[in-house]
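Survey of secondary and tertiary structure
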Amino acid sequence: MAVATAKGKPRYRYQGMERTKQRAGLLFVAPALLHFLIFTSIPVFVAVGISFTNYSPLGGGKFIGIQNYIKMISDELFWTALKNTLVYSFWTVPVTMALALFLALILNRKLRALAWYRAAFYMPQVTATVAIAVVWMWMFNNQFGVINWVLEGMGLKAVEWLTSPTWAMPAIVIMSVWRGLGGTMVIFLAAQQGIPDYLYEAARIDGANDRQIFWRITLPLLAPATFFLLVTGLIGSFQVFDSIYVMTGGGPSHATTTIAHQIYEQAFQFTKMGYASAEAVVLTIVVFIITVINMKYVKSDADYV
Amino acid sequence: MLKISRKLRLAFALMLVLSMALTAACGGGKTNTPDTSKPADTKPAAPKEKITFRMLTPIYRGEEGNKLLKDLMEEFEQKNTDLNIEFDIEFLPDYSKLNEKLTTYAAGNMLPDLFMIGVGWIEAFASKNLLVPLDGKVKAEVLADYEKSIIDGGYYKGKLYGLPLVLDTRLIVYRKDLLQKCGVDPNIPEFISKAQLRDWAVKCTQRDASGKLVVAGLDMANHKDRQRWYQFFWSSGAELFNADASKAAFNSPEAIEATQYWVDLIKKDKVFDVGFATGIPNVSLMTNDKAVFAIAHNMYAAEIKKSKPELEKQIGITTLKDKGVGQFYGGTMAVLSAQSKHQDVALRVMQFLAAKEQVIRNVKVEGTLPPLKSLAKDPYITGAPILVKAMDLMKYAKREGGPEAWLEIRSKLDATLDDAVNGKKTVKEAMDALTKASDDLIAQTKK
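A few points on the structure. (Residues numbered from 1 in each chain as written. Chains lettered and ligands numbered in written order. Predicted model: local features only at pLDDT ≥ 70, side-chain atom pairs only at ≥ 80, totals over all residues. Heavy atoms only, no water.)

**With respect to the overall build of chain B**
Helix and strand counts for chain B come out as 17 helices and 13 strands. In terms of overall dimensions, chain B has C-alpha extents of about 85 × 70 × 50 Å along its principal axes. With 447 residues in all, chain B has 51% of them scored as buried. With an accessible surface of roughly 20,900 Å², chain B has 54% of that area assigned to carbon and sulfur atoms. Placing the 64 positive and 57 negative side-chain charges of chain B at their respective mean positions leaves the two points 4 Å apart. (Helix = DSSP H or I, 4+ residues; strand = E, 2+ residues; numbered from the N terminus. Buried < 20%, exposed > 50% of the residue type's maximum accessible area, 1.4 Å probe, protein only. Areas by Shrake-Rupley, 256 points an atom, 1.4 Å probe, with all protein chains shown as cover. Lys, Arg positive; Asp, Glu negative; His and termini not counted. Charge placed at Lys NZ, Arg CZ, Asp CG, Glu CD.)

Below, the structure written as structure tokens:
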């Protein structure tokens, strides 16, 4: 029974409604939570456990302590993969973000067929990575690829893209940047459209030019989106696998093998689940550290007032 | 407010019920409908237990190959009327995903009843007790029809686990007409040295003014293809492992010399550029007049017959011989799964597929080689000089594999050739590293 209080709404009825809302909320998130627990949390803990064993899916496996982690320290291939992953992330994420921001600025104006342009740039995002990788593989072909055809047409020397340890990773980066442009651009676009017009009007009245408006208003106010894209971009780039698997298989000479690719090789080609799990744990820690560094040092709050 | 939350709850409950109903409706087996075709007064025979027989194969490829295997299984059913069998065949387009597939199946205790693996794979699977030994189940005269070095690949610790179904090899072939054009006598002897091959390949390599390769002196196809590299390796007197496969021998002086020769062909002699290809599917450089020598798969015989049969008389075949002759033979073996509930049936299917009549039908479709010596006189073989030579060279047959860790070692071997050609390591450094890594892997399997 509701009891009137001196403060207004009856306390009992308010608490009852809160509980009902909470129950309804829990009920709705329950399936997703269950899914997360069963298919994400539990496997993660199991993987951590397996990383301390020499388990193989073909049979056998016993507890070996931190042997897998010790082996990783002296594993040249692991460090090569880690270095390649960092190089890939270092180039892909900022270049994608910069180009996407540039595109977002252009496509945030009144242009003819604007919707078509936006759709065209976004198309790669909804296309299967494997399909994209196969097409780019042919585009980068030394003899028949369209990229070398263009280079030679410009009087430049053809590049041994996917067969050269020097050029294979840049080729993968180029493909990844092209693919990631659309999704990043859409987020920047949305964030831009959230910036109040009166700020631009005020700036114009004060005599600011386009460059000043961009650096003093647009870019700072895009900070939350930038931060989000940086963090998610880094997390995603550290897990790059499918394009490398299709285009280079980690070669030539391990020039494009990444941690995720190594995890796959160790687990499914060499059946060393224990070692692969250890590498996965290390990857998780590296990604976690980078995310924490981002959150600590990259300011994401933007004050419109 | 209360009304809305009740509606939401009802809607959620309804969604749950619907999704449960949909899930329950999924799957389900076939319903048994009574057979009404027989007259009512006939006494029905005791129903045979229906077996679903699972098979996994990386051969019997393409539409024709798939159809052949399905036809063969129908014939098997007709010959084995005591069985009520439904075949569930999984076709793989090639070997590239076979290991991953089998590993995943093994982990889930779901290996197919009968599956096919490469020569050199037996040790890896038999050591994990995933295969059924065949001792006493294969007639001696059948075993005698295989080349010893080939059937030896089916053994692990003295027990037989696999029967070869098809073989393949790599041959050094050349175009007599193109050799004449570059001033080399086309009457090349049956055996040549590596030095001779290099000299002729260098002489016949053509590049344009900018240095771009126009005609390769030697089509090496893929610089990290170990199966093409083996002939150079073994002809130099090198071996992959010691006698009992307990130690790798990749860094012996002979092995380093052979690999240095391989690297020099590309880097120093420039008889081939990595990635040089016709760009036309199933058409090799030699067919397109873009290579004078080639390290060709025996399937080249089928390619020539199909695309340019007039070239057949221009093709010559030779073999490397320096300190020895080592002709690589790979192939596919049928094995029985230890996880199968139908091992007896699997054995019968395997024996059927491995029999002469079935083998020759398969190799004709795929352009592969029969593993049985008695099939060397079959018109399919005698009608193609490349295949005649391939069968003749079986007396020099050598195979890859040996230790249980071979599947991992071979990946490192490919990577080693890649590193050596790309200059990431010197040949000696690369082979030393490979030897050490291989020894470590072998030692791990002994623990």
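**Quick word on the nonpolar core**
Side chains that are nonpolar tend, in soluble globular proteins, to be buried together. All names here are of chain B. The biggest cluster of nonpolar side chains holds 80 residues, and the ones touching the most others in it are F125, L218 and F293. The residues touching F125, leaving out its near neighbours within four places in the chain, are N99, L102, F115, I117, L130, L131 and L407. Of all hydrophobic cores here, the second largest spans 65 residues; its members include I51, F87, A301 and M350. (Core = buried A, V, L, I, M, F, W, Y, C linked by side-chain atoms within 4.5 Å. Contact = heavy atoms within 4.5 Å.)

**Concerning the interface of chain B and chain A**
Bring the parts together and some accessible area is lost; that lost area is often taken as the interface size. Contacts between the two partners involve 31 residues from chain B, matched on the other side by 27 residues from chain A. Inspection of the chain B/chain A interface yields two salt bridges. In this structure, E408(B) and K272(A) form a salt bridge, with 2.7 Å as the shortest nitrogen-oxygen distance. Our count for the contact surface shared by chain B and chain A stands at nine residue pairs in polar contact (both at pLDDT 80 or more). Of all the secondary structure elements, the ones that give two or more residues to the side of chain B that touches chain A are α1 (2-25), α3 (98-107), α16 (406-422) and α17 (427-446) of chain B. (Salt bridge = Lys/Arg side-chain N within 4 Å of Asp/Glu carboxyl O. Polar contact = N/O pair within 3.5 Å; in protein donor to acceptor, adjacent residues only side chain to side chain.)

**Considering the side chain of K389(B)**
Residues and elements named next belong to chain B. Summarising the element assignment, K389 is placed in helix α15 (residues 385-392). Under the relative-accessibility criterion, K389 is labelled buried at 12%. If we ignore the near neighbours within four places in the chain, the residues touching K389 are E190, I317 and T319.

**Observations regarding helix α12 (residues 259-269) of chain A**
Because an α-helix packs 3.6 residues into every turn, residues spaced three or four apart end up facing the same way. Most of α12(A) sits inside the fold, with nine of its 11 residues counted as buried. When we look at burial in α12(A), the residues that qualify are I259(A), A260(A), H261(A), Q262(A), I263(A), Y264(A), E265(A), Q266(A) and A267(A). Lining the buried residues of α12(A) we find α3 (76-106), α10 (223-238), α11 (242-247) and α13 (273-297) of chain A together with α3 of chain B. Positive phi shows up at T271(A), right after α12(A), with a value of about 55°.

**Description of a positive patch on the surface**
A grouping of R19(A), R23(A), R6(B) and R9(B) is seen on the molecular surface, where their side chains present a positively charged patch. Going through the elements one at a time, α1 (11-50) of chain A together with α1 of chain B are the ones with two or more residues in the positive patch. Among the secondary structure elements, R23(A) is positioned in helix α1. (Patch = residues over 30% accessible without salt bridge, like charges linked within 9 Å, V, L, I, M, F, W, Y side chains within 5 Å.)

**Quick notes on the pairing of strand β9 (residues 213-219) of chain B**
Residue and element names in this part refer to chain B. Most of β9 is tucked away: six of the seven residues are buried. Bridge count between strand β8 (residues 206-207) and β9: two bridges; the pairing is antiparallel. By the bridge assignment, Q206 is partnered in β9 with V215. What sits between β8 and β9 in their antiparallel hairpin is a turn of five residues, with G211 showing a positive phi close to 90°. (Pairing = 2+ DSSP bridges.)

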